[in-house]
Amino acid sequence: MRFHVGLVSPRRAFDTSRLLALFGFGIGFMALLAAFSMEWFVGWQPCSLCWVQRGCLLAIGVGLGYRGFFAKPCAWCSRVAFVGALGGLLSARFQYSEVASGAPVCPLQIAGAAPNCAIAGAHLWLGFPLAAWGVAIFLVQLTRCATSPAVQGGEG
C-alpha cells in the first residue's frame, strides 16, 4: 500500500489544480488579513462595499480552501469561489469608479452608517488606492476560478 502526501496524487505526478487552489486561497487569506489589519491597527474604517468584498473573499476562501486542502475536486467549491470572485470584482470596480469620479453614489451606504465608499477606497497602500488593489485581487481570483474544470463543466 502506498501513501501519497502533499501535492502528489496517485493519478498524476503533480496536482496543479490543487496547487492553484491553494495559491488562490492564500491570496484571499492575505487580502482579508490586510483588510482587517488596516481597520484594527491603522484605523481606516471600511465602507459598505468593503464589507461586500470581504464577504466575497470569504466565499473564495471556502471554495478554494476546500479544493486545496482536501484535494477533492467538486463542482460546488469551484462555483462558490467563482461567484465570490465575480461579485467581488463587480463591487471593487464600482468602488474604483467612485474613487475616480469622487462622487459618493454607493447604494449600500445608509445615511452615514458607513464611511463614504469613495473616501474609503481612496486610501493609498504601496502607492495605489485600495480600490485598485481590490480590482486586481478579484481579477486574479476570477482568472483562477474561471480556469477551474468544475466551472467549465469538467467535474461532477
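Preceding this section is the structure that the text describes.
For clarity, every value in this text was computed on a predicted model and none was experimentally measured. (Residues numbered from 1 in each chain as written. Predicted model: local features only at pLDDT ≥ 70, side-chain atom pairs only at ≥ 80, totals over all residues. Heavy atoms only, no water.)

Right, let's talk about the pattern of salt bridges for a bit. If charged atoms from side chains of opposite charge come close, those side chains can pair. The final tally for this structure, using the stated rule, is 1 salt bridge. When the shortest N-O distance is used, the salt bridge between Arg-54 and Glu-39 registers 2.7 Å. Within this pair, whereas Arg-54 is found in helix α2 (residues 48–70), its partner Glu-39 is found in helix α1 (residues 16–42), the two being separated by 15 residues in sequence. Relative accessible area serves as the criterion here: at 16%, Glu-39 is assigned to the buried category. (Salt bridge = Lys/Arg side-chain N within 4 Å of Asp/Glu carboxyl O. Helix = DSSP H or I, 4+ residues; strand = E, 2+ residues; numbered from the N terminus. Buried < 20%, exposed > 50% of the residue type's maximum accessible area, 1.4 Å probe, protein only.)

Further remarks concern the side chain of Ser-91. Turning to its location among the elements, Ser-91 is positioned in helix α3 (residues 75–101). Apart from the residues within four sequence positions on either side, Ser-91 is in contact with Leu-49, Val-52 and Gln-53. (Contact = heavy atoms within 4.5 Å.)

This part is about the packing of aromatic side chains. Under the defined criterion, the tally for this structure stands at 5 aromatic pairs. On the basis of an interplanar angle of 15 degrees and a centroid distance of 6.3 Å, the ring pair of Phe-25 and Phe-29 is categorised as stacked. Linking Phe-25 with Phe-29, this pair stays in helix α1, spanning 4 residues, or about one helical turn. Relative accessible area serves as the criterion here: at 47%, Phe-29 is assigned to the partly exposed category. An angle of 65 degrees between the planes, with centres 6.2 Å apart, marks the rings of Phe-36 and Trp-51 as edge-to-face. Taken together, the residues span a long stretch of sequence, with Phe-36 in helix α1 and Trp-51 in helix α2 at a distance of 15 residues. According to the relative accessible area criterion, Trp-51 is partly exposed, its value standing at 44%. (Phe/Tyr/Trp six-rings, centres within 6.5 Å; stacked < 30°, edge-to-face > 60°.)

We now examine the nonpolar core. Grouped together as the largest cluster of nonpolar side chains are 15 residues, with contacts concentrated most on Leu-57, Ile-60, Leu-64, Ala-85, Leu-89, Phe-138 and Cys-145. Mapped onto this core, the elements with two or more residues apiece are α1, α2, α3 and α5 (130–146). Setting aside chain neighbours within four positions, we find Leu-64 in contact with Ala-21, Gly-24, Phe-25, Cys-77, Ala-81, Gln-141, Arg-144 and Cys-145. (Core = buried A, V, L, I, M, F, W, Y, C linked by side-chain atoms within 4.5 Å.)

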